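Here is what each chain is made of, one letter per residue.
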Amino acid sequence: RIDQTVRDQQRYRTTGAAAFDTRMNVQEVNSKFLIYMAKHFGYADKAIVKNLKRAGCEIIAPAEGFIVKGSEGPLKEGELDRARAWGAKLKSMIK
C-alpha cells in the first residue's frame, strides 16, 4: 500500500488540478448553526486544494464554489453557466 501511495504521488507531481465545491447560501437557509460553521470553518474547497497539493498536484486555478438552492440543490439559477465557463477556462489552460 505504501509503495502504491508513493507511485501515485510521483504520478500526480506532473498533474495540474483545480478544485470546486458546491455550497449553500447560508443566509438564505437561515440556520445559525450553518452560518457559524461557514464562518469558522469555511467551505470544502480549501480542504480539497490542500489534499490535492499533498498528493503532489499543481493547482492551476483558484478553487471555485457553486451555489445550490436550499441545502442540497440543484444548482441555483446561473450557477451551471458559471460552472461551464469555469470548466472552459480550465480546459484552455491545459497544454
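In the block above lies the structure referred to throughout.
Reading the values: rules and limits
Residues numbered from 1 in each chain as written. Predicted model: local features only at pLDDT ≥ 70, side-chain atom pairs only at ≥ 80, totals over all residues. Heavy atoms only, no water. Helix = DSSP H or I, 4+ residues; strand = E, 2+ residues; numbered from the N terminus. Contact = heavy atoms within 4.5 Å. Areas by Shrake-Rupley, 256 points an atom, 1.4 Å probe, with all protein chains shown as cover. Salt bridge = Lys/Arg side-chain N within 4 Å of Asp/Glu carboxyl O. Buried < 20%, exposed > 50% of the residue type's maximum accessible area, 1.4 Å probe, protein only. Polar contact = N/O pair within 3.5 Å; in protein donor to acceptor, adjacent residues only side chain to side chain. Phe/Tyr/Trp six-rings, centres within 6.5 Å; stacked < 30°, edge-to-face > 60°. Lys NZ or Arg CZ within 6 Å of the ring centre and 35° of its normal. Patch = residues over 30% accessible without salt bridge, like charges linked within 9 Å, V, L, I, M, F, W, Y side chains within 5 Å.

Participant: Could you give me a rundown of the overall build of the protein, with the residues and numbers involved?
Facilitator: When its secondary structure is counted, the protein shows five helices and four strands. Listing the helices and strands of the protein from first to last along the sequence gives α-β-β-α-α-α-β-β-α. If you take every contact in the protein between residues at least 6 apart in sequence, the share linking residues at least 24 apart comes to 62%. Surface summary for the protein: the accessible area is close to 7,200 Å², and the carbon and sulfur share equals 55%.

Participant: Can you lay out the pattern of salt bridges for me, pointing to particular residues and giving the numbers?
Facilitator: Once the charged atoms of two side chains with opposite charge are near each other, the side chains can pair. Scanning all chains against the criterion turns up six salt bridges. Close ionic contact of Glu79 with Arg82 constitutes a salt bridge, the shortest N to O distance being 2.9 Å. Highlighted residues: Glu79 and Arg82, both in helix H5 (residues 79-93), separated by three residues, approximately one helical turn. Measuring nitrogen to oxygen at the nearest pair gives 3.7 Å for the salt bridge that ties Asp81 to Arg84. Taken as a pair, Asp81 and Arg84 lie in helix H5 at a separation of three residues, close to a single helical turn. On the accessibility criterion, Arg84 (54% relative accessible area) is exposed. If you follow the salt bridges from partner to partner, you end up with Asp21, Arg23, Asp45 and Lys46 in one network.

Participant: Can you tell me about unusual backbone geometry, naming the residues and giving the values?
Facilitator: In this chain, Gly73 is followed by Pro74 through a cis amide linkage whose omega measures 15°. Turning to its location among the elements, Pro74 is positioned in the loop between strand S4 (64-68) and H5.

Participant: I'd like to hear about the side chain of Asp21, residue by residue, with values.
Facilitator: Examined against the element boundaries, Asp21 turns out to sit in strand S2 (residues 20-24). According to the relative accessible area criterion, Asp21 is buried, its value standing at 5%. A polar side-chain atom of Asp21 sits 2.9 Å from a polar atom in the side chain of Arg23. Residues contacting Asp21, with those up to four places away along its chain left out, are Tyr43, Ala44, Asp45, Glu64, Gly65 and Phe66.

Participant: Residue-level account of the packing of aromatic side chains, with values.
Facilitator: Here a ring pair, both rings aromatic, is described through the centre-centre distance and the interplanar angle of the planes. Tallied over the entire structure, the rule returns three aromatic pairs. Aromatic pair Phe66 and Trp86: ring centres 5.8 Å apart, planes at 70°, arrangement edge-to-face. In this pair, Phe66 sits in strand S4 while Trp86 sits in helix H5, placing the two residues 20 residues apart along the sequence. An identical accessibility class is assigned to Phe66 and Trp86; each is buried. Taken together, the ring pairs connect Phe20, Phe66 and Trp86 into an aromatic cluster. Lying across the ring of Tyr43, Arg23 places its NZ or CZ 4.0 Å from the centre.

Participant: Describe a nonpolar patch on the surface, with residues and values.
Facilitator: Taken together, the side chains of Phe33, Tyr36, Met37 and Phe41 present a nonpolar region at the surface, about 460 Å² in accessible area. Along the chain, the position of Phe41 falls in helix H3 (residues 32-41).

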